[in-house]
Amino acid sequence: MPVIEAFPGTAAVFAGALLTMGLGLLNLIVVVMVDSFAEKRAKDIISRADDMDCEEIEEKTVLGKIFDRIDEDGSGELSFEELEQGARKVAEFRHWLRVLDIDAKDLRQLFFMVDEDGSGSISVAEF
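Here the structure is a predicted model, which means the values were calculated and not measured.

Time to look at the overall build of the protein. The helix and strand tally for the protein stands at five helices and two strands. When the helices and strands of the protein are read in sequence order from the N terminus, they spell out α-α-β-α-α-α-β. The globule rule puts the C-alpha radius of gyration for 127 residues at 14 Å, and the 33 Å found for the protein is more than 25% above it. C-alpha extents for the protein along the principal axes are approximately 105 × 30 × 25 Å. A total of 127 residues make up the protein; the buried ones form 18% of that total. Counting only carbon and sulfur atoms, one obtains 62% of the accessible surface of the protein, whose full area is about 9800 Å². Charged side chains in the protein number 13 positive and 27 negative. The centres of these two groups are separated by 6 Å.

In structure tokens:
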């Protein structure tokens with residue numbers, strides 16, 4: 001460049017300007033990429049939330065069927081004795097309890113926790 005040849009001290013100014021422009025361009029590219037990934041993540045979070053809602057509905061359906069199998073007298077409510085017998089007789093319910101790490105000692109505590117209205121029985125809505 002003729003200016004640098006005439007005034008060698010200006011090489012530092014031009015080098016600094018080129019370096020600043022290069023870093024600015026790289027920064028702009030990084031910002032675009034991060035923003036793009038942030039949008040994809042937001043969409044993924046919405047998708048995961050939708051999946052969780054679907055899983056919750058499916059689990060409630062399964063639990064409703066388990067409730068019907070445990071409710072031996074067909075009253076629409078479970079006494080502690082029915083719940084206890086269901087834990088012994090209904091394999092699917094036993095598996096749920098095992099996954100939740102609930103043993104026979106914890107079953108009574110679970111019963112009182114689920115019995116929200118304190119009626120001494122569990123309705124399907126509480127279950």
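On to a nonpolar patch on the surface. On the surface, a cluster of nonpolar side chains totalling about 930 Å² of accessible area is made up of Leu19, Leu23, Leu25, Leu26, Leu28, Ile29, Val32, Met33 and Phe37. Along the polypeptide, Leu28 turns up in helix H2 (residues 10-70).

This next bit is on helix H5 (residues 104-114). Buried within H5 are the following residues: Leu107, Phe111 and Val114. The arc enclosing the buried residues of H5, seen along the axis, measures out at 75°, which places them on a common side. More than 90 degrees from the buried face of H5, the exposed residues found are Lys105, Gln109 and Met113. Those residues of H5 that are buried lie in contact with strand S1 (77-78), helix H3 (80-89), helix H4 (91-99) and strand S2 (122-123).

By the definition in use, this model includes two aromatic pairs. Centre to centre, the rings of Phe80 and Phe111 are 5.6 Å apart; their planes meet at 75°, and the pair counts as edge-to-face. Separated by 31 residues along the polypeptide, Phe80 in helix H3 and Phe111 in helix H5 bring together distant segments of the chain. Judged on exposure class, the residue Phe80 and its partner Phe111 are both buried. Geometrically, the ring pair formed by Phe111 and Phe112 is edge-to-face, given 5.6 Å between the ring centres and 80° between the ring planes. We classify Phe111 as buried; its relative accessible area is 2%.

We now examine the packing of H2 against H4. Following both chains from N to C, one finds H2 and H4 inclined at 125°, their axes separated by 9 Å at the closest point. Of the possible angle classes, the one that applies to H2 and H4 is oblique. Remark: the crossing between H2 and H4 carries left-handed chirality. Note on element contacts: H4 touches H2 through Glu92, Phe93 and Trp96, opposite Glu59, Val62, Leu63, Ile66, Arg69 and Ile70. By residue class, the composition of the contact of H2 with H4 is six nonpolar, no polar and three charged.

A separate point is the environment of Glu77. Within the element layout of this structure, Glu77 appears in strand S1. Relative accessible area serves as the criterion here: at 33%, Glu77 is assigned to the partly exposed category. Placed 44 residues apart in sequence, Glu77 and Ser121 show a C-alpha to C-alpha distance of 5.9 Å. Ignoring sequence-local partners within four residues, the contact set of Glu77 consists of Phe67, Asp71, Glu82, Ser121, Ile122 and Ser123.

With that settled, consider the nonpolar core. Formed by 15 residues in total, the largest nonpolar core has its most connected members in Ile70, Leu78, Leu83, Phe93, Leu97, Leu107 and Ile122. Counting residues per element, the ones that place at least two in this core are H2, H3, H4 and H5. Sequence-distant contacts of Leu107, defined by excluding residues within four places in its chain, comprise Phe80, Leu83, Glu84, Ala87, Leu97 and Ile102.

Each value, and the rule that gives it
Each chain has its residues counted from 1, following the order in which its sequence is written. With the structure being a predicted model, the display of local features is reserved for residues of pLDDT at least 70 and the display and counting of side-chain atom pairs for 80 or more, all residues being used for whole-chain, interface and lining totals. Here the side-chain values reflect all heavy atoms present in the structure, with hydrogen atoms and water set aside. Labels follow the DSSP assignment, with helices taken as runs of H or I lasting at least four residues and strands as runs of E lasting at least two, numbered in each case from the N terminus. Radius of gyration here uses only the C-alpha atoms, and the compact-globule reference equals 2.2 Å multiplied by the residue count raised to the power 0.38. Working definition: with a 1.4 Å probe on protein chains only, accessible area under 20% of the residue-type maximum means buried, over 50% means exposed, and in between means partly exposed. The method behind every accessible area is Shrake-Rupley, applied with a 1.4 Å probe, and residues are considered shielded solely by the protein chains displayed. Working convention for charge: Lys and Arg count positive, Asp and Glu count negative, and His plus the chain ends are omitted. Charged groups are reduced to one reference atom each: NZ for lysine, CZ for arginine, CG for aspartic acid, CD for glutamic acid. Distance thresholds for patches are 9 Å for like charges and 5 Å for nonpolar side chains (Val, Leu, Ile, Met, Phe, Trp, Tyr), applied to residues having over 30% relative accessible area and no salt bridge. The salt bridge criterion pairs a side-chain nitrogen of Lys or Arg with a carboxyl oxygen of Asp or Glu, the two atoms within 4 Å. In this description, the arc belongs to the directions extending from the helix axis to the C-beta atoms. It only takes one pair of heavy atoms within 4.5 Å for two residues to be counted as in contact. Between 30 and 60 degrees the pair is tilted, below 30 it is stacked and above 60 it is edge-to-face, where a pair is any two Phe, Tyr or Trp rings, Trp via its six-membered ring, whose centres lie within 6.5 Å. Axis geometry follows a simple rule: fit a line to the C-alpha atoms, using only the stretch in contact for helices, then measure angles between N-to-C directions, giving values from 0 to 180 degrees. Each angle is binned into one of four classes, with values under 35 degrees roughly parallel, values over 145 roughly antiparallel, values of 65 to 115 roughly perpendicular, and all other values oblique. Here is the rule for handedness: rotate from the far helix to the near one, and if that takes an anticlockwise turn smaller than a right angle the crossing is left-handed, while a clockwise turn gives right-handed. Amino acids are sorted into nonpolar (Ala, Val, Leu, Ile, Met, Phe, Trp, Tyr, Cys and Pro), charged (Asp, Glu, Lys and Arg) and polar (every other residue, Gly among them). Here, nonpolar core means buried Ala, Val, Leu, Ile, Met, Phe, Trp, Tyr and Cys residues that are tied together by side-chain atoms lying within 4.5 Å of each other.

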